[in-house]
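One-letter residues, chain by chain:
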Amino acid sequence: MTPNEKQKDFLLHTALFESCGLPRYYPLLDRVIVQRYDKGQKLSDTPNFSHSLVCVLSGYITVYNLNSIPLDTLGPGSFFNGNLLFEAEDTPMFSTVTAHSTCTVAFFEKDLLFPLLKNDSQLAMNYMSILSKLIHHLMVRINSFTAPSPAARIALYLLEFCPGDELNLHDGYTGLAHSLDISRATLYRSLAQMEKSALIARFEKRLLILNRYGLEQLTGLHSQ
């Protein structure tokens, strides 16, 4: 289906259309495909998924790597899959993308997006900014898997996913352990050490950052 008026307005105020002449793009949004998914349903089974720029309109989606380890959970306004649009072959970079909750997403298919990028330099710059952030995000996740200790891995995760000082854990500490690819026992032990060092505070389903610079030191982002 095509986006309704509220969804069109939402899309025009995302990072893709920032500083663009919005009125002229409004009619083009009738060519965007909108789909709803139930929790657990695979978005990656959708035809042309790998050749579309995906924007989350509502709910959350989870991205898994080829080893079925969750890389990220994306919410409203987030983009995904743009880095596959320039690939000549259908080489999978990710195993699956599933609905973390009931969600609605918009698909900007390649045939729609590329002519727009060619004719609007601001839109092209916005698109490249989205790609840059996706690449940076993935590099941080890769670094977290090669961190020298579980505590450093946790610190990298917090610094990336917690732009403020609070991280809400939608799937609790079990979900966090799964995302970090460590055992729950290791997670709890590392969090206890970090809390004792006054780096974080723990609550039932959230973590609070108390010392961001201390977390950066733990990861090696700043020299000791």
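Residues numbered from 1 in each chain as written. Predicted model: local features only at pLDDT ≥ 70, side-chain atom pairs only at ≥ 80, totals over all residues. Heavy atoms only, no water.

S.K.: Please clarify how the overall build of the protein should be interpreted in this entry.
M.R.: Helix and strand counts for the protein come out as 8 helices and 10 strands. With 224 residues in all, the protein has 46% of them scored as buried. Relative to all contacts within the protein whose residues are 6 or more apart in sequence, the contacts with residues 24 or more apart total 70%. Put simply, the protein shows about 11600 Å² of open surface, and 53% of that area lies on carbon and sulfur atoms. (Helix = DSSP H or I, 4+ residues; strand = E, 2+ residues; numbered from the N terminus. Buried < 20%, exposed > 50% of the residue type's maximum accessible area, 1.4 Å probe, protein only. Contact = heavy atoms within 4.5 Å. Areas by Shrake-Rupley, 256 points an atom, 1.4 Å probe, with all protein chains shown as cover.)

S.K.: Would you mind showing me how to read the packing of helix α5 (residues 150-161) against helix α8 (residues 212-219) here?
M.R.: In a packed pair of helices, the relevant descriptors are the angle between the two axes and the axis-to-axis distance. Two numbers describe how α5 lies on α8: the axes approach to 8 Å, and their chain directions differ by 130 degrees. Between α5 and α8, the angle falls in the class oblique. Here the hand of the crossing between α5 and α8 comes out left-handed. Two secondary-structure elements touch here, α5 through Ala151, Ala152, Ala155, Leu156, Leu158 and Leu159 and α8 through Arg212, Leu215, Glu216, Leu218 and Thr219. Considering only residue class, the contact of α5 with α8 consists of 8 nonpolar, 1 polar and 2 charged. (Axes fitted to C-alpha atoms, helices over the stretch in contact; angles between N-to-C directions. Parallel < 35°, antiparallel > 145°, perpendicular 65-115°, else oblique. Left-handed = near helix turned anticlockwise from the far one by under 90°. Nonpolar A, V, L, I, M, F, W, Y, C, P; charged D, E, K, R; others polar.)

S.K.: Where do I start with the side chain of Thr219 in this structure?
M.R.: Inspection of the secondary structure assignment puts Thr219 in helix α8. We classify Thr219 as buried; its relative accessible area is 16%. One polar contact links the side chain of Thr219 to the main-chain carbonyl oxygen of Glu216, over a distance of 2.8 Å. Leaving out residues up to four positions away in the same chain, Thr219 has contacts with Ala152, Ala155, Leu156 and Leu159. (Polar contact = N/O pair within 3.5 Å; in protein donor to acceptor, adjacent residues only side chain to side chain.)

S.K.: I would appreciate a short explanation of the sheet that holds strand β3 (residues 61-64) in the present structure.
M.R.: As summarised here, the arrangement of the 3 strands in space is β4-β3-β6, forming an open sheet in which the pairing is antiparallel. Bordering the open sheet on either side are β4 (70-74) and β6 (96-99), each of which pairs with just one other strand. Taking the axes of each pair of neighbouring strands and ignoring which way they run, one obtains an average angle of 20 degrees across the sheet. In the sheet, β3 pairs with β6 via 4 bridges, with the strands oriented antiparallel. Across the sheet, Val63 pairs through a bridge with Val97, a residue of β6. (Pairing = 2+ DSSP bridges.)

S.K.: What's the story with the environment of Glu166 in this structure? I'm lost.
M.R.: On the secondary structure map, Glu166 appears in strand β8 (residues 166-168). By relative accessible area, which is 38% here, Glu166 ends up partly exposed. Residues Glu166 and Arg206, spaced 40 residues apart in sequence, show a C-alpha to C-alpha distance of 6.9 Å. In this structure, Glu166 is in contact with Arg206, Leu207 and Leu208, ignoring residues within four places of it in sequence. A distance of 3.4 Å separates the side chain of Glu166 from the side chain of Arg206, its partner in a polar contact.

S.K.: Any chance you could explain the side chain of Thr14 here in plain terms?
M.R.: Within the element layout of this structure, Thr14 appears in the loop between α1 (5-12) and α2 (22-25). Leave out the neighbours within four places in its chain, and Thr14 touches Cys55 and Phe79.

S.K.: Explain the packing of aromatic side chains to me, please; I cannot follow it from the model alone.
M.R.: Aromatic ring pairs are defined here through the distance separating the ring centres and the angle between the ring planes. For the structure on display, the rule yields 5 aromatic pairs. Where Phe17 meets Tyr25, the ring centres are 5.3 Å apart and the plane angle is 55 degrees; that geometry is what we call tilted. Taking 5.9 Å as the distance between ring centres and 55 degrees as the angle between the ring planes, the aromatic pair formed by Tyr173 and Tyr188 counts as tilted. Linking Tyr173 in helix α6 (residues 172-180) with Tyr188 in helix α7 (residues 184-196), this pair joins segments that are 15 residues apart in sequence. Taken together through their ring pairs, the aromatic side chains of Phe17, Tyr25 and Phe108 make up a single cluster. One Lys or Arg, Arg206, reaches over the ring of Phe203 and ends 4.1 Å from the middle of that ring. (Phe/Tyr/Trp six-rings, centres within 6.5 Å; stacked < 30°, edge-to-face > 60°. Lys NZ or Arg CZ within 6 Å of the ring centre and 35° of its normal.)

S.K.: What is the right way to look at the environment of Ala177 in this model?
M.R.: Along the chain, the position of Ala177 falls in helix α6. For Ala177, a relative accessible area of 2% gives the class buried. When the C-alpha atoms of Ala177 and Leu187 are compared, they prove to be 6.1 Å apart, with 10 residues separating the residues in sequence. Ignoring any residue separated from it by four or fewer positions in sequence, one finds Ala177 in contact with Ile182, Ser183, Arg184 and Leu187.

So far we have only geometry, and geometry alone does not tell us how the molecule works.
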